[in-house]
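As a plain string of letters, each chain reads:
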Amino acid sequence: MPATDPARDPKVSVIVPVYNPGSHIDDCIRSILGQTLPPGEVEAIFVDDGSTDGTEERLDRLAAEHEHVTTIHIPNSGWPGRPRNLGMDAARGKYLYFVDNDDWLEDDALERLYDVAERDGADIVIGKIVGQRRSIARELFRRDRSAMSLREHQMLLSMLTPHKLFRAALIREHGLRYPEGRRRLEDHLFVLQAYFATESVSVLSDYPVYHWVRRDDLTNASNVPPNRGYWENLVEVAEVVEAQTEPGPYRERLLSHWYKNKILRRVDGHHLSVYDPDFEAQLMADLHELVLPHFPPAVGERMDGVLGIRDRLLRARSLDGLEAAGDVENAIGGRAEITAAGWHDGTLRLQMEGTMVDADGEPLVFPRMPDGRLAWPLPDDVRELPALAVEDWDVTERLGAGTIRAYLRERESRVEYLLPVKHVSAEAREVEGGATLLVRGEARFDPRTAAAGSPLRNGVWDLSVLVACFGLHVPARLAAGRDADGAAELLAEPLLQGDPPRAVIPYATVAGNATIDVGGGTRKLTEVAPISLDDASAAREGKAVALDLGLPGVLALDDVARGTLVLRRAGSPELAPVTVPARVAATGGTPRLDARVPLRRRPSDRAISRGRWRLELQLDGTAERLPLALDVLPRGQARLADTADEAPAHSTSVRIKRALLRLPPVRATVEAVRNRG
């Protein structure tokens, strides 16, 4: 790797191995070219691994058009290792960042990563990864972290992909390289050795950096079932751990990561349900011959619950037992709902109850044994296998250790954040033949800090949970509360929060699940009761009609606020807007908007008529605007009138059917509601 010259070399070199990505590379290229680091501070190195789909010519054109883009062409090597190594050899940046050709970056990802590395003096920075149809280690990104080491923070192993910022000097000093050739887990070997080489790893959690894509066409390497070569590559990873550690608890803790996630996961119910018998037989032979000698019984003894059952059955070569235990796991789901909700000091507190459910959606029953013990619901013949002891399937004391975790997922971007959950408790509820699990907790949602300590970006955020017991974590959408008739209710009243204030709108989806609209982009902040304006002579005489809209539960006023109301006909940008003075004042504790709006008599009048109008309230002395929506209907018409043609020509009186307040509210003379609840 060449030495760098700080006076002329870039801050970050982005290295992208490329092989026949087709259009999947579009977002990758766009996101790299669109970085907020200027071209002189970032370079992009695309290493084409013998593409044959036209991408090679496209990359050459890209390099010709952009001075900070380099393209390297090599004969097909079969895997990303050699392209990444050649990219590192050509890189001039102080830091290296690896991107796969079907993934993409947020626009200011590199600038943020660089700033964290410089601030913390970090050798490695892990930016928040967003899983596009991939599961992501949520706990690692619960908050920003710094000065992490592998010995003290084994959670670093939960993210072993190469999508990190590496200090180039660290790579050069330790001679780190990716294994080359067609193989698996090459990123684990590289990242693991980098972790062993430093005690300065930072995690950027409050901002999404990297979008990691899983595609349906199975071209992602991680989708390929494990063959003998895969297990040989896993043994190489274990050998790195063995070379860097002494026998004992530390080594066992490290090895347990791969044992749980790469070995026991391959013999769970999901995987065994799709393997054919010949593959299963070869899998069992490979594990016992190649792999388990590097993962001794002391590692397996760290497994508990369903993982402990898998460990005992695997080591006993009981494939039938593993399949039966897997069938039980496959049939278990989760369910959770909100039992109470309210705002406290700007934080939405959600009281939740959750349970595990069976294939019919009924609470999962843990059967009562003749000796009084509660059991994990294994078939009798599996529970009685010599490989399993009573303590392996006994849940009598373990139901009380059940937990519930809550997290948010933004509907469009798929960005996720864990929510704090307080007062978690679990109990076994007696039913005929056994007991069921009931877990309670209080999730706390504060949009000012929900993004790992930073403000949550505007968007529609769905609430989900993980109900966990006996080592099994089952996901479920969090259901909204129900009214006396069983219908889904709103979670809590809307709230204005922040500076400048923005709308935070909890609501129940059509399916009855809990969702929060932050920023008011899609939901009504407040519904105003229909107002009838039956003055039929108003339009004929050219009079203005008083617009009197209550804004309950939304604004708190220091004093009367004055400003301007601008009305624009929806779908008719060519029409000049109607502008009238407006006033907002508290009347009996409820803020009201007052304005006099002229009704159109002639086409040339600058006044409103039948149809849908977009309103903006601009208060004096502020830069914020209050957008509203107004539907003006002929008297007696029950449905929305989107165009004047829908209304009878003779009708002159109007009725305001609906008015809604949306998006960011005002500040200065209008303050956010404080400490509601």
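Residues numbered from 1 in each chain as written. Predicted model: local features only at pLDDT ≥ 70, side-chain atom pairs only at ≥ 80, totals over all residues. Heavy atoms only, no water.

1. Notes on the pattern of salt bridges
Rule in force here: Salt bridge criterion: a side-chain nitrogen from Lys or Arg within 4 Å of a carboxyl oxygen from Asp or Glu. Runs of H or I in DSSP of at least four residues are treated as helices and runs of E of at least two as strands, each being numbered from the N terminus. Buried, partly exposed and exposed residues are distinguished by accessible area as a fraction of the type maximum, computed with a 1.4 Å probe on protein chains only: under 20%, between the cut-offs, and over 50%, respectively.
Applying the stated rule across the entire model yields 39 salt bridges. Put simply, Glu-139 and Arg-405 hold a salt bridge, and the shortest N to O gap is 3.1 Å. Placement of the pair is Glu-139 in the loop between strand 6 (124-132) and strand 7 (145-148) and Arg-405 in strand 13 (residues 403-410), with a sequence separation of 266 residues. The exposure class of Arg-405 is partly exposed, given its relative accessible area of 26%. One salt bridge in this structure joins Glu-416 and Arg-409, with 2.5 Å as the shortest N-O distance. Assessed through its relative accessible area of 24%, Arg-409 is described here as partly exposed.

2. Topic: the packing of helix 6 (residues 186-196) against helix 8 (residues 249-263)
Rules: Axes here refer to lines fitted to C-alpha atoms; in helices the fit is confined to the stretch in contact. Angles between the N-to-C directions go from 0 to 180 degrees. Angular relationships are summarised with four words: roughly parallel below 35 degrees, roughly antiparallel beyond 145, roughly perpendicular across 65 to 115, and oblique for the angles in between. Here a crossing is called left-handed whenever its near helix is offset anticlockwise from the far helix by less than a right angle, and right-handed whenever the offset is clockwise. Between two residues, a contact is recorded if the distance between any of their heavy atoms is within 4.5 Å. The classification used treats Ala, Val, Leu, Ile, Met, Phe, Trp, Tyr, Cys and Pro as nonpolar, Asp, Glu, Lys and Arg as charged, and all other residues, Gly among them, as polar.
The geometry of helix 6 relative to helix 8 is characterised by a closest axis approach of 15 Å and an angle of 155° between their N-to-C directions. For the element pair helix 6 / helix 8, the angle class is roughly antiparallel. For the pair helix 6 and helix 8, the sense of crossing is right-handed. Contacts from His-188, Leu-192 and Phe-196 of helix 6 reach helix 8 at Tyr-250, Leu-254, Trp-258 and Lys-262. Residue composition of the contact of helix 6 with helix 8, grouped by class: five nonpolar, one polar and one charged.

3. Concerning the packing of aromatic side chains
By convention here, two paired aromatic rings are described through the distance between centres and the angle between planes. Let me state the cut-off plainly: Ring geometry is summarised as follows: Phe, Tyr and Trp rings, the Trp one being its six-membered ring, pair when their centres sit within 6.5 Å, and such pairs are stacked at plane angles under 30 degrees, edge-to-face over 60 and tilted between the two.
Following the criterion strictly, the structure yields 13 aromatic pairs and no others. Consider the rings of Tyr-97 and Tyr-210, whose centres lie 6.2 Å apart with planes at 55°: the pair is tilted. Of this pair, Tyr-97 sits in strand 4 (residues 95-98) while Tyr-210 sits in strand 9 (residues 201-213), placing them 113 residues apart in sequence. Tyr-97 gets classed as buried once you look at its relative accessible area, which sits at 0%. Aromatic pair Tyr-259 and Phe-295: ring centres 6.0 Å apart, planes at 20°, arrangement stacked. Linking Tyr-259 in helix 8 with Phe-295 in the loop between helix 10 (277-291) and helix 11 (297-300), this pair joins segments that are 36 residues apart in sequence. Just as Tyr-259 is buried, Phe-295 falls in that class too.

4. Section: the environment of Phe-279
Secondary-structure assignment places Phe-279 in helix 10. Sequence separation between Phe-279 and Pro-225 is 54 residues, and the spatial gap between their C-alpha atoms is 9.7 Å. With near-sequence residues (within four places) excluded, Phe-279 lies in contact with Pro-225 and Pro-226.

5. Digging into helix 10
Using the following cut-off: Helix span, expected: 1.5 Å multiplied by one less than the number of residues in the helix. Pairs of N or O atoms within 3.5 Å make up the polar contacts considered here, provided that, within protein, one atom can donate a hydrogen while the other can accept it, and that residues adjacent in sequence are counted only when both atoms are side-chain atoms.
Helix length check: helix 10 (15 residues) gives 20 Å between terminal C-alpha atoms against 21 Å at 1.5 Å per residue, within 8%. Among the residues of helix 10, those classed as buried are Glu-280, Leu-283, Met-284, Asp-286, Leu-287, His-288, Leu-290 and Val-291. If you follow the buried residues of helix 10, they end up packed against helix 7 (228-244), helix 8, helix 9 (269-272), helix 12 (305-315) and helix 13 (319-330). Two or three places before Asp-278, at the opening of helix 10, Asp-276 has a side-chain oxygen 3.1 Å from that residue's backbone nitrogen.

6. A short note on the environment of Met-284
Here Met-284 is to be found in helix 10. Between the alpha carbons of Met-284 and Leu-314 there is a distance of 8.0 Å; along the sequence they are 30 residues apart.

7. Concerning the confidence of the model for the protein
To keep it simple, the criterion reads: Note on scores: pLDDT gives the predictor's confidence for each residue, bounded by 0 and 100.
Here the protein averages 84 in pLDDT, and 80% of its residues register 70 or above. A low-confidence stretch, residues 527-542 stays under pLDDT 50, and its non-local contacts, those more than four residues away or across chains, total 34 contacts. Residue range residues 634-677 is modelled with pLDDT below 50. Its contacts to residues more than four positions away, or to other chains, number 155 contacts.

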